[in-house]
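Here is how the chains run, residue by residue.
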Amino acid sequence: MIYFASDHAGYGLKQELIAFFSLLGKACSDIGTHSGTESCNYAEYGRRAAAAVAENPGAFGVLVCGTGAGISMAANKLKGIRCACASEPSTARLTREHNDANMIALGARIVGIELAKDIITAFLETPFSGDERHLGRISTIEGRET
Ligand code: RB5
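These lines cover the structure that appears in this document, whether it is placed above or below.

Conventions and cut-offs
- Residues numbered from 1 in each chain as written.
- Predicted model: local features only at pLDDT ≥ 70, side-chain atom pairs only at ≥ 80, totals over all residues.
- Heavy atoms only, no water.
- Buried < 20%, exposed > 50% of the residue type's maximum accessible area, 1.4 Å probe, protein only.
- Helix = DSSP H or I, 4+ residues; strand = E, 2+ residues; numbered from the N terminus.
- Pairing = 2+ DSSP bridges.
- Right-handed = clockwise from strand over helix to strand, strands pointing away.
- Near = heavy atom within 4 Å.
- Polar contact = N/O pair within 3.5 Å; in protein donor to acceptor, adjacent residues only side chain to side chain.
- Areas by Shrake-Rupley, 256 points an atom, 1.4 Å probe, with all protein chains shown as cover.
- Nonpolar A, V, L, I, M, F, W, Y, C, P; charged D, E, K, R; others polar.
- Phe/Tyr/Trp six-rings, centres within 6.5 Å; stacked < 30°, edge-to-face > 60°.
- Lys NZ or Arg CZ within 6 Å of the ring centre and 35° of its normal.

**So, the pairing of strand β1 (residues 2-6)**
- The element β1 is extensively covered by neighbouring structure, given that 5 of its 5 residues are classed as buried.
- In the sheet, β1 pairs with strand β2 (residues 28-30) via 3 bridges, with the strands oriented parallel. Its bridge partner lying in β2, Phe4 is registered against Asp30.
- Of the crossover connections in this fold, the one passing from β1 over helix α1 (residues 11-23) to the parallel β2 is right-handed.
- Here β1 pairs with strand β3 (residues 60-65) via 5 bridges, running parallel. Within β3, the residue paired with Phe4 across the bridge is Val62.

Below you can see the structure in the form of structure tokens.
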């Protein structure tokens, strides 16, 4: 499952992304917000999607706000969430390979729809490398002893 969430600034891009990835046959869940005109709190939606990802091992999350910054910060406060903010596909690929990221955040005021599709496709198609050195570093992120 891919959990999508945004604030009002990211609403339009989120809707386009859900439509695109649903058409490709991906299971998509829309956590909200459900309006592009009603101002809302990006942190609330980032945390809601993060909670869904944390409760469903193997799930991914896609977050969209104006910059991707605020909503990724909110998501990263939840245990087990590793959310990267990306504005190009290389970061999306490397954060899967190295960080085993389970969420990605985009800025609707930073990237257009075609670039956003490419970023998320790179994210979804790249497996975690599983390398020992990366596992150790992820343990440190999670606050575990290495
Ligand atoms: C909303 O105006 C904006 O602050 C928000 O979408 C996001 O960019 C925060 O990081």
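The structure having been displayed, the exposition proceeds.
**A closer look at the site of the ligand**
- By nearness alone, every residue bordering the ligand is listed as Asp7, His8, Ala9, Tyr42, Cys65, Gly66, Thr67, Gly70 and Arg109.
- Between the ligand and Thr67 there is a distance of 3.1 Å, counted from an oxygen atom to a backbone nitrogen or oxygen.
- Within the side chain of Arg109, an N or O atom sits 3.4 Å from an oxygen atom of the ligand.
- Relative to its unbound accessible surface of 290 Å², the ligand loses 71% to contact with the protein.
- In terms of residue class, the shell around the ligand is made up of 3 nonpolar, 4 polar and 2 charged.

**A short note on the packing of aromatic side chains**
- The full count for this structure, using the stated rule, is 2 aromatic pairs.
- Ring plane angle 85° and centroid distance 5.0 Å describe the contact between Phe20 and Phe21, whose orientation is recorded as edge-to-face.
- Since its relative accessible area comes to 1%, Phe21 is described here as buried.
- Summarising the aromatic geometry, the rings of Phe60 and Phe123 are spaced 5.4 Å apart at their centres and angled 70° between planes, so their arrangement reads as edge-to-face. On the criterion of sequence distance, the pair formed by Phe60 in strand β3 and Phe123 in helix α5 (residues 113-125) is long-range, its members being 63 residues apart. The pair Phe60 / Phe123 is uniform in exposure class, with both members buried.
- Its guanidinium or amino end placed over the ring of Tyr45, Arg48 lies 4.7 Å from that ring's centre, counting from NZ or CZ.
- Over the face of the ring belonging to Phe123 we find Arg96, whose NZ or CZ atom lies 6.0 Å from the ring centre.

Everything listed is a geometric property; what it means functionally is a separate question.
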